[in-house]
Amino acid sequence: MGDPIEEWFAAAGPREAELRRVDALVREAASGLDRQLVPVGAGQVLGYGLMPYRPRSARETTQWPLVSLAAQKRHLSLYVCAVVDGTYLPEARAERLGRASCGKSCVRFTSLDRVDAGELAALVRDAAAATADGTNAYFAT
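No experiment lies behind these values; they were computed from the predicted model shown.

A. A look at unusual backbone geometry. Positive phi, close to 55°, is recorded for Asp85, a residue that is not glycine. What makes Asp85 exposed here is its relative accessible area of 77%.

B. Just the packing of aromatic side chains, in detail. By the definition in use, this model includes 5 aromatic pairs. Seen in terms of ring centroids, Tyr88 and Tyr138 are 6.3 Å apart; in terms of plane orientation they differ by 80°. Their pairing is edge-to-face. Here the residue Tyr88 occupies a position in strand 6 (residues 87–88), and Tyr138 occupies one in the segment after helix 4 (117–132), the gap between them amounting to 50 residues. On the basis of relative accessibility, which here comes to 24%, the residue Tyr88 falls in the partly exposed class. With a centroid separation of 5.0 Å and 65° between ring planes, the pair formed by Tyr138 and Phe139 is classed as edge-to-face. Like Tyr138, the residue Phe139 is buried in the burial classification. What links up through ring pairs into an aromatic cluster is the set Tyr53, Tyr88, Tyr138 and Phe139.

C. Representation of the sheet that holds strand 1 (residues 35–40) in the model. As summarised here, the arrangement of the 6 strands in space is 1-2-3-4-8-7, forming an open sheet in which the pairing is antiparallel. Whereas interior strands pair on both sides, the edge strands pair on one side only; in this sheet they are strand 1 and strand 7 (101–102). Judged from the 4 bridges that link them, strand 4 (residues 76–80) and strand 8 (residues 106–109) form a sheet pairing that is antiparallel. Following the sheet pairing, Tyr79 is matched in strand 8 by Cys106. Set on the sheet, helix 2 (residues 16–29) makes contact with strand 1, strand 2 (43–53), strand 3 (62–71), strand 4 and strand 8; between it and strand 3 the angle comes to about 135°.

D. Quick peek at the pattern of salt bridges. Per the counting criterion, the structure on display carries 8 salt bridges. Taking the shortest distance from any N to any O, the salt bridge between Arg20 and Glu6 comes out at 2.6 Å. Highlighted residues: Arg20 in helix 2 and Glu6 in helix 1 (residues 4–11), separated in sequence by 14 residues. By relative accessible area, which is 29% here, Arg20 ends up partly exposed. Among the ionic pairs, Arg93 bridges to Asp126, the shortest N-O distance being 2.7 Å. Of this pair, Arg93 sits in the loop between helix 3 (89–92) and strand 7 while Asp126 is found in helix 4, placing the two residues 33 residues apart along the sequence. Classification of Arg93 by relative accessible area gives buried; the value is 13%. Among the residues examined, Asp126 registers a relative accessible area of 30% and is labelled partly exposed. Put simply, Glu6, Glu16 and Arg20 are held in one network by salt bridges that share partners.

About the cut-offs
- Residues numbered from 1 in each chain as written.
- Predicted model: local features only at pLDDT ≥ 70, side-chain atom pairs only at ≥ 80, totals over all residues.
- Heavy atoms only, no water.
- Buried < 20%, exposed > 50% of the residue type's maximum accessible area, 1.4 Å probe, protein only.
- Phe/Tyr/Trp six-rings, centres within 6.5 Å; stacked < 30°, edge-to-face > 60°.
- Helix = DSSP H or I, 4+ residues; strand = E, 2+ residues; numbered from the N terminus.
- Pairing = 2+ DSSP bridges.
- Contact = heavy atoms within 4.5 Å.
- Axes fitted to C-alpha atoms, helices over the stretch in contact; angles between N-to-C directions.
- Salt bridge = Lys/Arg side-chain N within 4 Å of Asp/Glu carboxyl O.

Here is the structure:
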């Protein structure tokens, strides 16, 4: 049996190269985060930095990644679970990221070439720093 992460990349078909580029950006921006596949629904995302997390609707605490990467049908999604001073970091920085669509914790884009890679790396780096220093309220219990 091969490396599950390598198999995940390969299964992305034409999106494999773009996923690898984003993976390299995340790993460079937050080198201290572990990387592993995380089950989500019927699929998996590539997660970085598993943290204890309990959604309001859940009875038990589970593990959820600080950052996760997924290939959707028409775009890539980079989820950055960071809330600092009551604001979701991806949503607050949406206008700086270039041609991306942002939700509270999700940045959606078709290619890394269409976003400001420096700003995307800074977003990941700042989320990791906020988590390390305890100011990331996303994972507060």
